[in-house]
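# Per-entry structural report
The lines below spell out each chain.
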Amino acid sequence: MALAACKAPWRAWFSAHWAAVAGLMLFCLLLRLPFSFEPLINWDESAYLIIGQDMVRGYLPYARYWTLKPPLGFGFYAAVIALFGNSILAVRLAGSVYLGVCACVVYATGVRLHSRLAGVLGSIFYIAYTSFFQKAVLMELVALLPLSLIGYWLAAPDRMRMRHVGLALGCAVMIRTNLGMLLPALWLALWLEHGKRVGRGVFQRCLQLSLWMLLPVVVISVVYACAGLFDVYVQTMVTWSLHYSATGIAAMPELPLSHYLLQACAASSLLVAGVWV
């Protein structure tokens, strides 16, 4: 009985917004369909597929093949391969569906903050902007779901939202390490929400958010320690990530613009949803 009551709000929401959800999913699939058949768009995508295949065979990321990315994001590729086989088309189509789900979260956030029109405009911009700069299914795209959920839960008056936001941020960090830079921004948002007052309430919320963010990091660290791969895990997450960041900043003008623009995709689309309407 309690479970049915818990599901009822989501059923009611979907009944009221199913047309928008279906339209967003269809728009996303059609927009990304033309480049879903390209055999090679980005070499990184091929590397992620190889590690995803290895996970299906029972190996952790970094056990036999290595790339400079946190381990959680490879689970997306492993899940697609396990369900639909080793096919680049399956991964691209699954990525389109995944992006459509992210856009639906942006739509729900826009509805919560402003109106249905705000949600539609924000989510359409979200899909088009991401698809323009991210044709391949890379870690930037995989990280968009926890980022979108952070925006949705921040807009909620729920007392438990710090737990949800922290867990989502922790998952995002385990997909792309540099997303940990969002933590100070979230602290600032909580401070502004409390009327720029530094007190016990805002400190408790910031601490709660930070501790829940650490939970996915700690769990995955324990898994790698038990598997005897803790050294390579730490080197990937800390040593080589810091080295890459240092060299990446030095070579910033040579990197594609999409590398930086996509980092702002979630935040900018939510801004469109909340402000432009």
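Data block above holds the structure.
These notes cover the structure that comes with them. (Residues numbered from 1 in each chain as written. Predicted model: local features only at pLDDT ≥ 70, side-chain atom pairs only at ≥ 80, totals over all residues. Heavy atoms only, no water.)

Across its full length, the chain holds 13 helices and 0 strands. When the helices and strands of the chain are listed from N to C terminus, the series reads α-α-α-α-α-α-α-α-α-α-α-α-α. Across the 277 residues that make up the chain, the buried fraction comes to 40%. Of the contacts made within the chain by residues no fewer than 6 positions apart, 71% connect residues no fewer than 24 positions apart. Surface exposure of the chain reaches about 14,600 Å², of which carbon and sulfur atoms provide 71%. (Helix = DSSP H or I, 4+ residues; strand = E, 2+ residues; numbered from the N terminus. Buried < 20%, exposed > 50% of the residue type's maximum accessible area, 1.4 Å probe, protein only. Contact = heavy atoms within 4.5 Å. Areas by Shrake-Rupley, 256 points an atom, 1.4 Å probe, with all protein chains shown as cover.)

To continue, consider the packing of helix α3 (residues 74-84) against helix α4 (residues 88-113). One can describe the packing of α3 onto α4 by two numbers: an axis separation of 10 Å at closest approach and a directional angle of 120 degrees. On the basis of their axis angle, the class for α3 and α4 is oblique. Judged by the sense of rotation from one axis to the other, the crossing of α3 with α4 is right-handed. Counted together, Phe 76, Tyr 77, Val 80 and Phe 84 of α3 and Ala 90, Val 91, Ala 94, Gly 95 and Tyr 98 of α4 form the full contact between these two elements. Residue classes in the contact of α3 with α4 are distributed as 8 nonpolar, 1 polar and no charged. (Axes fitted to C-alpha atoms, helices over the stretch in contact; angles between N-to-C directions. Parallel < 35°, antiparallel > 145°, perpendicular 65-115°, else oblique. Left-handed = near helix turned anticlockwise from the far one by under 90°. Nonpolar A, V, L, I, M, F, W, Y, C, P; charged D, E, K, R; others polar.)

This paragraph deals with the packing of aromatic side chains. For the structure on display, the rule yields 10 aromatic pairs. When the ring of Tyr 48 is compared with that of Phe 74, the centres are 5.8 Å apart and the planes differ by 65 degrees; the resulting orientation is edge-to-face. With Tyr 48 in helix α2 (residues 43-56) and Phe 74 in helix α3, this pair connects stretches of sequence that are 26 residues apart. Side by side, Tyr 48 and Phe 74 carry an identical accessibility label, which is buried. Geometrically, the ring pair formed by Tyr 129 and Phe 133 is edge-to-face, given 5.2 Å between the ring centres and 80 degrees between the ring planes. Placement of both Tyr 129 and Phe 133 in helix α5 (residues 116-133) is noted, with a separation of 4 residues, approximately one turn of the helix. Residue Tyr 129 is classed as buried on the basis of its relative accessible area, which comes to 19%. An aromatic cluster is defined as three or more aromatic residues linked by ring pairs; in this entry it consists of Tyr 48, Phe 74, Phe 76, Tyr 77 and Tyr 98. Sitting over the ring of Phe 35, Lys 135 keeps its end group 5.8 Å from the ring centre. When the ring centre of Phe 132 is taken as origin, the NZ or CZ atom of Lys 135, which lies over that ring, is 5.6 Å away. (Phe/Tyr/Trp six-rings, centres within 6.5 Å; stacked < 30°, edge-to-face > 60°. Lys NZ or Arg CZ within 6 Å of the ring centre and 35° of its normal.)

Tallied over the entire structure, the rule returns 4 salt bridges. Salt-bridge contacts for Glu 45 lead to Arg 92; the nearest nitrogen and oxygen are separated by 2.8 Å. Pair noted here: Glu 45 is in helix α2 and Arg 92 is in helix α4, with a separation of 47 residues, a long-range link. An identical accessibility class is assigned to Glu 45 and Arg 92; each is buried. The salt bridge involving Arg 64 is made with Asp 54; its shortest N-O contact spans 2.6 Å. Here Arg 64 is found in the loop between α2 and α3, whereas its partner Asp 54 is found in helix α2, with 10 residues between them in sequence. For Arg 64, a relative accessible area of 44% corresponds to the partly exposed category. Judged by relative accessible area, Asp 54 falls into the buried class, the value being 2%. Each member of the salt-bridge network shares a partner with another, and the members are Asp 54, Arg 57 and Arg 64. (Salt bridge = Lys/Arg side-chain N within 4 Å of Asp/Glu carboxyl O.)

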